[in-house]
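An overview of the molecular structure
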Amino acid sequence: FGSSTSHRMAAKLISVTALLLLHSAAGALLDDCKADPSNATCANSADFYPDSAVTMDVNMLCTAMPQMPSCTIKLLCEADTIAASSGQCGNWNLLTGICSTEYGENMQGMGGCATYKEICVSGSVVDSCIDATKKGPAELITTAEAKDAAVEYCVANPDVEFDVAPIEMAATAGGSMDMGMRRAMTKVCEDCTSTRCTMSVTILAHACKGDMTPSYCQELKKTCDANQNLDYLCTYDSDSAAAPRLSRFVLVLSFLSALMSLAMGPRL
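Predicted model, so just to flag it, every value in this text is computed and none were measured.

**Re the overall build of the chain**
- Along its length, the chain carries 12 helices and 2 strands.
- Counted from the first residue to the last, the chain has its helices and strands arranged as α-α-α-α-α-α-α-β-α-β-α-α-α-α.
- Counting only residues that meet the buried cut, the chain has 39% of its 268 residues in that class.
- Across the chain, every contact between residues at least 6 apart in sequence was considered, and the portion connecting residues at least 24 apart equals 69%.
- Per element, the accessible surface of the chain, about 14,900 Å² overall, is 59% carbon and sulfur.

So, in structure tokens, the structure goes:
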């Protein structure tokens, strides 16, 4: 019995030691790749900047600034409202959309972008930095642009109410809304000021649906014109899921009404 216990303890000690060595090696490689991301040993980002670390950085960024458009995309991806097949839901897509100087908002002063800004530089061989499928959306509206546009809309429409379903209901119903689900109408402009507008992207998605001609829609229009995979943001309609059900209901009523008319015969 004592020998068996000793063997188990020894096996656990070996496993823990191996994990510590791997972690230490990854940390050392990360330091090396920050210093020289053009080194061939840095080609595979998973060796030193694993997906779990990227996830942690994205979460840190979106906790600090949830109003960033990439963070709205993150929530919609988590709700399966923007499909994983869109190519915009990967952690690197989201990180690039926030941190990149070329494809993102250039938020490199934020802590969550610290690793990105050191390994994703000119001459880098890091695969995730140069892989086109891991970029953020082209022409993505910036946080500042979204705020300014939403404020412009809200100045003209201070009492407007929206059903804030784009994220909340999608998250609970997987993008398919129950007709019986109570909707939360919110005066979204009450919390949208020149200094902070947390729901700016949601406001624009509502305000610009069906008509991108107003001045406050122009930056969002650039995003939508450049991307074919952000339909939920670019054509959002809070009734879109309910409409087909309502249409079927109206058709059934019309059919029943016609049957009743036939049964009653012509009116005199």
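**Focus on a negative patch on the surface**
- A contiguous patch of negative charge, built from D31, D32, D36 and E118, is present on the exposed surface.
- The topology assignment puts D36 in the loop between helix 1 (2-35) and helix 2 (51-64).
- With relative accessibility at 34%, the residue D36 sits in the partly exposed group.

**A few points about the nonpolar core**
- Ranked by internal contacts, the top residues of the largest apolar core, which has 58 residues, are F48, W92, L95, I98 and I203.
- The contacts of W92, once residues within four sequence positions are left out, are S45, Y49, V54, Y116, I119, C120, S128, C129 and K134.

**Focus: the packing of aromatic side chains**
- Applying the stated criterion to the full structure yields 3 aromatic pairs.
- Centre to centre, the rings of Y153 and Y216 are 5.1 Å apart; their planes meet at 70 degrees, and the pair counts as edge-to-face. With Y153 in helix 7 (residues 143-156) and Y216 in the loop between helix 9 (200-207) and helix 10 (218-226), the pair connects residues that are 63 residues apart, well separated along the chain.
- In this structure Y216 comes out as buried when scored by relative accessible area, which is 17%.

**With respect to helix 4 (residues 91-99)**
- Among the 9 residues that make up helix 4, 9 are buried, leaving the element largely enclosed by the rest of the structure.
- Packing partners of the buried residues in helix 4 comprise helix 2, helix 3 (69-78), helix 5 (114-119) and helix 6 (127-130).

**A few points about helix 10**
- Within helix 10, burial applies to L220, T223 and C224. End-on, the buried residues of helix 10 take up no more than an arc of 95 degrees, which puts them together on one face.

**A look at the side chain of Q67**
- Residue position: Q67 is located in the loop between helix 2 and helix 3.
- If near-sequence neighbours (up to four positions away) are discounted, Q67 is found in contact with T143, R196, C197, T198, S200 and V201.

**Digging into the pattern of salt bridges**
- As enumerated under the stated definition, the model contains 4 salt bridges in all.
- Put simply, D225 and K221 hold a salt bridge, and the shortest N to O gap is 2.8 Å. Within this pair, D225 and its partner K221 are both found in helix 10, separated by 4 residues, close to a single helical turn.

**A few points about the packing of helix 7 against helix 9**
- Between helix 7 and helix 9, the least distance of the axes is 9 Å, while the angle of their chain directions is 55 degrees. Viewed along their axes, helix 7 and helix 9 adopt a mutual orientation that is oblique. In terms of crossing hand, the pair formed by helix 7 and helix 9 is left-handed. In this structure, helix 7 contributes A146, K147, A149, A150, Y153 and C154 to the contact, and helix 9 contributes S200, V201, I203, L204 and A207.

Rules and cut-offs
- Residues numbered from 1 in each chain as written.
- Predicted model: local features only at pLDDT ≥ 70, side-chain atom pairs only at ≥ 80, totals over all residues.
- Heavy atoms only, no water.
- Helix = DSSP H or I, 4+ residues; strand = E, 2+ residues; numbered from the N terminus.
- Buried < 20%, exposed > 50% of the residue type's maximum accessible area, 1.4 Å probe, protein only.
- Contact = heavy atoms within 4.5 Å.
- Areas by Shrake-Rupley, 256 points an atom, 1.4 Å probe, with all protein chains shown as cover.
- Patch = residues over 30% accessible without salt bridge, like charges linked within 9 Å, V, L, I, M, F, W, Y side chains within 5 Å.
- Salt bridge = Lys/Arg side-chain N within 4 Å of Asp/Glu carboxyl O.
- Lys, Arg positive; Asp, Glu negative; His and termini not counted.
- Charge placed at Lys NZ, Arg CZ, Asp CG, Glu CD.
- Core = buried A, V, L, I, M, F, W, Y, C linked by side-chain atoms within 4.5 Å.
- Phe/Tyr/Trp six-rings, centres within 6.5 Å; stacked < 30°, edge-to-face > 60°.
- Arc of directions from axis to C-beta.
- Axes fitted to C-alpha atoms, helices over the stretch in contact; angles between N-to-C directions.
- Parallel < 35°, antiparallel > 145°, perpendicular 65-115°, else oblique.
- Left-handed = near helix turned anticlockwise from the far one by under 90°.

Such coordinate-based values are descriptive only and should not be taken to indicate function.
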